[in-house]
Amino acid sequence: MSLQGCLSVVSGTCSKQTTTTDDPRPQWNFQIPVPSWFAAADWTHILTASALNDMSFGMTYNRADSTCMLCNIPAININGMAGYGYGWAPAHFAQADFHWRDIATLVKGKHSIKAGAEIFANQDFAPFTSLNSGRPQYGFNTIFQFAADTPQSECCYQYNPATGGRANGDHYWKSRYYAGFAQDDFRVAPDFTVSVGLRGEYMGNPYEAHGNRNDLYLGAGPGLWNEIANSYVKQNKYAFNSGMGRFAPRIGFAWQPKGLSNWSVRGGWGMFINRGGNTYWSDTAGGNPPSVASLNLNLNNPTGPYPTYGLCGLDHPPYNCLIPTPPLGLNPRGGPQIGRASCRE
């Protein structure tokens, strides 16, 4: 008898989360909407009495919008008491994942054979220029320093060391992942089954869509310490030299001892591969020279420059905050002329 037909399942969800800050000063309480969407579709198609195909697609999308009120007041942190202003604002980002897979199953004699493939795509849009290049953050060790308008430190302002202008903190990270597998469950005897499979996985080379990322590269040796000492930084669109692919074989068995219908003995061996998180290749490469440098000023620095304290001129971009003139120029290894360029001054 031939059995043909199809079964389709479509589902979707939408949620919206709102995070509210809790500040003792009500004017700095604000809400951060974090909407998220999820959608999925599955199609199971019965080809014959011994063969079927299952295909599914899913996607997720989430974003966050951190607004900023009274943005002419920079972030002020005071040891021992609540500070003022927003540190992580204004900021916006959006992330999306797309996942497709297809699995075919065929039962033939003592064999149950499965084969399939999947594709995963990730996008991470992080436009952080206004966040990192607009407003400084000040630190006061004591309330007396705050009363005297003398900050101990000033930080977190990113600039382009080649031009002195604002650093480009907008990033559009992308990555792709591909996989396929084949598996055979072979019933050697009524009470003994062997499962053999092979999975292949390939992670495409992650990249920033506009080439706005910078990496640290090891320099000349001999030896690792010399390579680190002679390291340098340069701009590179891709995270690695190429994508990475691996094969993962797997084998297992299931045995039911005779006379023991409630017992089952199982065992197996296999290789499994995990995809690394985006932060390994995105966050670590978004704020490096030669296109990005950070001003971190402190009164303990005997040669300066020192913090410049005051309100910003505007409550919206470009804010016109009091920012000391940053040092310009790059050294031969891609770092700023003054400050820590890489692993050796």
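Sequence positions are assigned chain by chain, starting from 1 and proceeding in written order. Confidence filtering applies because this is a predicted model: local features only for residues at pLDDT of at least 70, side-chain atom pairs given and counted only at 80 or more, and all residues used for totals across whole chains, interfaces and linings. As a rule here, side-chain values come from all non-hydrogen atoms in the structure, and water together with hydrogens is ignored.

Q: Report on the overall build of the protein, specifying residues and quantitative values.
A: Numbering of helices and strands runs from the N terminus, with a helix taken as a DSSP run of H or I at least four residues long and a strand as a DSSP run of E at least two residues long. Scanning the protein from N- to C-terminus turns up 3 helices and 17 strands. Our radius of gyration looks at C-alpha atoms and nothing else; its globule reference is 2.2 Å times the residue count to the power 0.38. For 345 residues, the compact-globule formula gives about 20 Å, and the C-alpha radius of gyration of the protein, at 28 Å, lies well above that figure. Overall size of the protein, expressed as C-alpha extent along the three principal axes, is 90 × 55 × 40 Å. Only protein chains enter the accessibility calculation, which uses a 1.4 Å probe; a residue is then buried when its area is under 20% of its type maximum, exposed when over 50%, and partly exposed in between. Classification of the 345 residues of the protein by burial places 34% in the buried group. Put simply, 66% of the contacts in the protein that link residues at least 6 apart link residues at least 24 apart. Where accessible areas are quoted, they stem from the Shrake-Rupley method and a 1.4 Å probe; at the residue level, only the protein chains shown are allowed to cover. Put simply, the protein shows about 19800 Å² of open surface, and 60% of that area lies on carbon and sulfur atoms. Charge convention: Lys and Arg are scored as positive, Asp and Glu as negative, and His as well as the terminal groups of each chain are ignored. One atom stands in for each charge, and that atom is NZ of Lys, CZ of Arg, CG of Asp or CD of Glu. Averaging the positions of the 24 positive and the 22 negative side-chain charges in the protein gives two centres separated by 8 Å. Note on contacts: a residue pair qualifies if any of its non-hydrogen atoms lie within 4.5 Å across the two residues.

Q: Kindly report on the pairing of strand β2 (residues 31-48), identifying the contributing residues and their values.
A: When DSSP finds two or more bridges between a pair of strands, those strands are recorded as paired. Here β2 runs beside strand β3 (residues 51-66); their pairing, made up of 12 bridges, is antiparallel. Paired with Phe38 across the strands is Thr60, a residue of β3. The loop that links β2 with its antiparallel partner β3 comprises 2 residues.

Q: Run through the pattern of salt bridges, naming residues and quoting values.
A: Every case where a carboxyl oxygen of Asp or Glu lies within 4 Å of a side-chain nitrogen of Lys or Arg is listed as a salt bridge. For the coordinates displayed, the defined rule picks out 4 salt bridges. For Asp215, the salt bridge identified is with Arg213, shortest N-O distance 2.5 Å. Since its relative accessible area comes to 14%, Asp215 is described here as buried. By relative accessible area, Arg213 is classed as buried at 2%. Through salt bridges with shared partners, a single network forms among Glu118, Arg199 and Glu201.

Q: So, the state of the cysteines: which residues are in play, and what are the values?
A: Cysteine sulfur atoms are paired as a disulfide whenever they fall within 2.5 Å. Under the counting rule described, the total for this entry stands at 2 disulfides. Here Cys155 engages in a disulfide with Cys156; their sulfurs sit 2.5 Å apart. Between Cys155 and Cys156, the disulfide has an S-S torsion of -55° and is therefore left-handed. Taking the relative accessible area as the measure of exposure, Cys155 reaches 21% and is therefore partly exposed. Residue class for Cys156 comes out partly exposed when judged on its relative accessible area of 31%.

Q: Give me the sheet that holds strand β5 (residues 81-84): which residues, what numbers.
A: Pairing within the open sheet is mixed, and its 5 strands lie in the order β5-β4-β8-β9-β17. With partners counted over all chains shown, the strands left at the sheet margins are β5 and β17 (293-298), one partner each. Across the sheet, the mean angle separating the axes of adjacent strands is 15° when strand polarity is ignored. Geometry is summarised by axes, namely lines fitted to C-alpha atoms with helices restricted to the contacting stretch, and by angles between N-to-C directions that run from 0 to 180 degrees.

Q: Can you break down the environment of Gly313 residue by residue, with the values?
A: By secondary structure assignment, the location of Gly313 is in the segment after β17. For Gly313, a relative accessible area of 55% gives the class exposed. Non-local contacts of Gly313, meaning those with residues more than four positions away in its chain, are made with Tyr319, Asn320 and Cys321.

Q: Residue-level account of the nonpolar core, with values.
A: Soluble globular proteins tend to bury their nonpolar side chains together. Residues belong to a common nonpolar core when they are buried Ala, Val, Leu, Ile, Met, Phe, Trp, Tyr or Cys residues joined through side-chain atoms within 4.5 Å. Among the nonpolar cores identified, the biggest contains 16 residues, and Cys68, Ile76, Tyr86, Phe140 and Tyr319 are the most heavily contacted of them. Every element with two or more residues in this core is listed here: β4 (75-78) and β8 (137-140). Excluding its chain neighbours within four sequence positions, the residues that come into contact with Tyr86 are Gln27, Trp28, Phe30, Cys68, Met69, Ala75 and Arg135. Residues Ala126, Phe128, Leu131 and Trp281 belong to the second largest nonpolar core, which totals 7 residues.

Q: Describe in detail the pairing of β17, supporting the description with residues and values.
A: In β17, alternate side chains face the same way, and those of Ala293, Leu295 and Leu297 are buried while those of Ser294, Asn296 and Asn298 on the opposite face are not. Of the strand pairs in this sheet, strand β9 (residues 153-159) and β17 are connected by 5 bridges, and their pairing is antiparallel. When the sheet's bridge partners are listed, Glu154 is paired in β17 with Leu297.

Q: Describe the side chain of Asn212, with residues and values.
A: Assignment of secondary structure puts Asn212 in the loop between β12 (207-208) and β13 (214-217). Not counting residues up to four positions away in its chain, the partners in contact with Asn212 are Asn168, Asp170, His171, Trp173, Gln235 and Ser291.

Q: Quick rundown of the side chain of Ser231? Include the residues and the values.
A: Relative to the assigned elements, Ser231 resides in the loop between α3 (224-229) and β14 (232-235). Nitrogen and oxygen atoms within 3.5 Å of one another constitute a polar contact, given that in protein one can donate a hydrogen and the other can accept it, and given that sequence-neighbouring residues count only through two side-chain atoms. Within the structure, Ser231 has its side chain in polar contact with the backbone oxygen of Ile228 (distance 2.8 Å).

Q: Pulling in residues and values, what's your account of a nonpolar patch on the surface?
A: Residues with no salt bridge and a relative accessible area higher than 30% make up the patches, which join like charges within 9 Å and nonpolar side chains (Val, Leu, Ile, Met, Phe, Trp, Tyr) within 5 Å. Taken together, the side chains of Val196, Ile251, Trp269 and Met271 make up a nonpolar region of the molecular surface, amounting to roughly 400 Å² of accessible area. Residue placement: Trp269 occurs in strand β16 (residues 265-270).

Q: Pulling in residues and values, what's your account of the environment of Ala121?
A: Within the secondary structure, Ala121 sits in strand β7 (residues 111-127). Given the relative accessible area of 11%, Ala121 is considered buried. Residues Ala121 and Tyr238, 117 residues apart in the sequence, show an inter-C-alpha distance of 16 Å. Setting aside chain neighbours within four positions, we find Ala121 in contact with Ala96, Asp97, Phe98, Ser175 and Arg176.

Q: So what about the confidence of the model for the protein? Which residues, and what values?
A: Confidence scores here are pLDDT values: one per residue, from the predictor, ranging 0 to 100. Per-residue pLDDT for the protein has a mean of 84; in total, 90% of the residues score no lower than 70. Between residues 341-345, whose pLDDT stays under 50, and residues either more than four places distant or in other chains, the model counts 14 contacts.

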